[in-house]
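Report on the structure
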Amino acid sequence: MKWLHSKKIGKKITYVMTLNSFITLFIATIIFLAYDIKSSGELLVDDVKTQAVLIGNNVTAALLFKDNDTAKEILHSLKSKSNIIEAALYDADNQIFEQYSRAGGQVNFPKNNDQSEHFQFRKTDLIFTMPIHQGSELLGKIVIRASLDKWFKRMKQYLLLILIVLIGSSMLSFVTAMKLAKLIVSPIHKLIGGVRNVIEHNNFSIRVEKTSTDELGQMTDDFNEMLEEIDIRDKELLAISKDLEKKVKERTFQLEIERNKAIEADQMKTNFLANMSH
């Protein structure tokens, strides 16, 4: 985060807090999204499996007695399920016995000789296969293709909701971070202002207002105490300087008087000697 080095401390706090909140919330939403994808996929498989079990239980006799009409009627009951695109009933030789297509026409399933229960998610649909038994005898299998349109619609709505939550939470976090940064930075700005005042005006009598009782408040107390000590020493030095100046003036005045007296005495001596020589 080299780009933060040149930023003021208030902006650093704001950016870091906002970014931290965003990353935390983003990770949490990704986890929930992954869980929802997994659970909704499982629910979709369970729903299709339920339909397959119902169809399988009802077509056992139709497969056993080669009753296509009954099998067709049972398969067409899937019309009530809007997500079922098509279904096919296979006999024991893996040949289509009867089929259902919502769009009409022939079903379009990939060739598969696997008679075990399994499912496959593809780009736009889910294919579920379940074997049909009569006791230990394999009568055939049922294959159902279900659309994933509702599932994708749900995911899009979920992603939109996540986006809204992320944006809203980030904005709220940004505002909160700004206010918190202001609480932290305000005492620092006051300290900086006090230092500048001392440097620019050599004024040690100022005091910085204490706004908190935390470390910054303690720093403010220490700064004010330092200024007070400097101010006291400055006043003492000023008093000593004035006293010394006064003494120097007094001494200078005394020396001037003595000098004048000496000059006057010397002048009198000169005059006396001059008078004596005449």
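Higher on the page you've got the structure.
The structure contained in this document is the topic of the report that follows. In this convention, every chain numbers its residues from 1, walking through the sequence in written order. Where totals are concerned, whole chains, interfaces and linings use all residues; where local detail is concerned, this predicted model gives features only for residues with pLDDT of at least 70, and gives and counts side-chain atom pairs only at 80 or more. Working from all heavy atoms in the structure, the side-chain values ignore hydrogens and water.

Focus on the layout of surface pockets
Computed over the protein atoms alone on a 1 Å grid, cavities are sets of points where a 1.4 Å probe fits but cannot get out and pockets are open sets with protein on both sides within 12 Å along at least five of seven lines; a residue lines them when it has an atom within 4 Å of a point. Grid points are joined across faces, edges and corners, and a volume is the space filled by probe spheres set on the points. Here the largest pocket is characterised by a volume of approximately 210 Å³. Taken together, K8, I9, G10, K11, T14, Y15, F174, M178, A181, K182, V185 and H189 make up the lining of the largest pocket. Secondary structure elements with two or more residues in the lining of the largest pocket: α1 (9-58) and α4 (149-201). Tallied by class, the residues present in the lining of the largest pocket amount to 6 nonpolar, 3 polar and 3 charged. As a volume, the second largest pocket reaches approximately 160 Å³. Lining the second largest pocket, in full, are S40, L43, L44, D47, N83, S147, K150, W151 and R154. Going along the chain from the N terminus, every DSSP run of H or I of four or more residues is numbered as a helix, and every run of E of two or more is numbered as a strand. Among the secondary structure elements, those contributing two or more residues to the lining of the second largest pocket are α1 and α4. Top contributing element to the lining of the second largest pocket by residue count: α1, with 4 residues. Following the grouping adopted for this structure description, the nonpolar residues are Ala, Val, Leu, Ile, Met, Phe, Trp, Tyr, Cys and Pro, the charged ones are Asp, Glu, Lys and Arg, and the polar ones are all others, Gly among them.

Brief notes about the sheet that holds strand β3 (residues 118-121)
Ordered in space as β2-β1-β5-β4-β3, the 5 strands form an open sheet in which the pairing is antiparallel. Bordering the open sheet on either side are β2 (96-101) and β3, each of which pairs with just one other strand. Looking at each pair of strands side by side, their axes are set apart by 10 degrees on average, direction ignored. A contact between two residues is defined here by any heavy atoms of the two lying within 4.5 Å. Every axis in this analysis is a line fitted to C-alpha atoms, fitted for helices over the stretch in contact. Angles between the N-to-C directions lie between 0 and 180 degrees. Packed on one face of the sheet, helix α3 (residues 68-75) meets β1 (84-91), β2 and β5 (137-147) and runs near 30 degrees to β2. DSSP bridges decide pairing: two strands pair if at least two such bridges lie between them.

Side note on unusual backbone geometry
Positive phi is not limited to glycine here, since K66 has a value of about 55 degrees. As for its placement among the helices and strands, K66 is situated in the loop between α2 (60-64) and α3. Look at K66 and you get exposed, because its relative accessible area is 54%. Phi angles above zero are rare outside glycine, and N94 is one such case at about 65 degrees. Take N94: it is sitting in the loop between β1 and β2. Exposure categories follow from relative accessible area, calculated using a 1.4 Å probe and restricted to protein chains: below 20% of the type maximum is buried, above 50% is exposed, and the middle band is partly exposed. Residue classification places N94 among the buried residues on the basis of a relative accessible area of 7%.

Digging into the packing of aromatic side chains
Given two aromatic rings, one states the distance between the centres and the angle between the planes to describe the pair. The pairing test for Phe, Tyr and Trp rings, Trp by its six-membered ring, is centres within 6.5 Å, and the orientation test on the planes gives stacked under 30 degrees, edge-to-face over 60, and tilted for anything in between. If you walk through the whole model with that rule in mind, you get 3 aromatic pairs. A centroid spacing of 6.1 Å and a plane angle of 15 degrees characterise the contact between F22 and F26, whose relative ring orientation is stacked. Note that F22 and F26 are positioned in helix α1 at a spacing of 4 residues, about one turn of the helix. On the basis of relative accessibility, which here comes to 33%, the residue F22 falls in the partly exposed class. Residue F26 is classed as partly exposed on the basis of its relative accessible area, which comes to 38%. Aromatic side chains W151 and F152 sit 5.2 Å apart centroid to centroid with 75 degrees between the ring planes, which places their arrangement in the edge-to-face category. Residue class for F152 comes out partly exposed when judged on its relative accessible area of 33%.

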